[in-house]
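Coordinate analysis (summary)
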Amino acid sequence: MVAVIKNKKNEEIKRIENPSKEWIIKQLESHVCVVFFRKKLTGTFRTLKCTRNLSKLPKRYRLKYQLSIENAHGYDDIIPVWETLSRDWKSFDISTVYFFTVLLGEP
């Protein structure tokens, strides 16, 4: 897996090979990120523009935040996130991520 940090102009400012799960979660809690991964069930590829930053969630969903980020699936590799485009909770398996991008300054 490769992680890239981009600035407001969409320019790459840092590249990280095989970041840890903890680093990925920290970035999701601070920024909007883009995750490109393969779905385990179907084998299809998916892209999520997502976050775990409370300030990016609509107010009505903030109350559900704690329940939604807790691992309801019972798997350590599953990371629940708020998808900013569909405005809903989604999740991805960290072991199937190919590319992870941190968007600094994303509104």
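Above this text you will find the structure in question.
1. A short note on unusual backbone geometry
Of note, Asn10 is a non-glycine position whose phi angle comes to about 65°, a positive value. One can find Asn10 in the loop between β1 (2–6) and β2 (12–17). A positive phi angle is found at Arg87, which is not glycine, with a value near 55°. Structurally, Arg87 is set in the loop between β5 (78–83) and β6 (88–93).

2. A closer look at the pattern of salt bridges
For the structure on display, the rule yields 3 salt bridges. With a shortest N-O distance of 2.9 Å, Glu12 and Arg15 are connected by a salt bridge. Judged by relative accessible area, Glu12 falls into the partly exposed class, the value being 41%. Between Asp93 and Lys40 there is a salt bridge, and its shortest N-O distance comes to 3.2 Å. In this pair, Asp93 sits in strand β6 while Lys40 sits in the loop between β3 (32–38) and β4 (45–51), placing the two residues 53 residues apart along the sequence. The class of Asp93 is buried, set by a relative accessible area of 12%.

Conventions we followed
- Residues numbered from 1 in each chain as written.
- Predicted model: local features only at pLDDT ≥ 70, side-chain atom pairs only at ≥ 80, totals over all residues.
- Heavy atoms only, no water.
- Helix = DSSP H or I, 4+ residues; strand = E, 2+ residues; numbered from the N terminus.
- Salt bridge = Lys/Arg side-chain N within 4 Å of Asp/Glu carboxyl O.
- Buried < 20%, exposed > 50% of the residue type's maximum accessible area, 1.4 Å probe, protein only.

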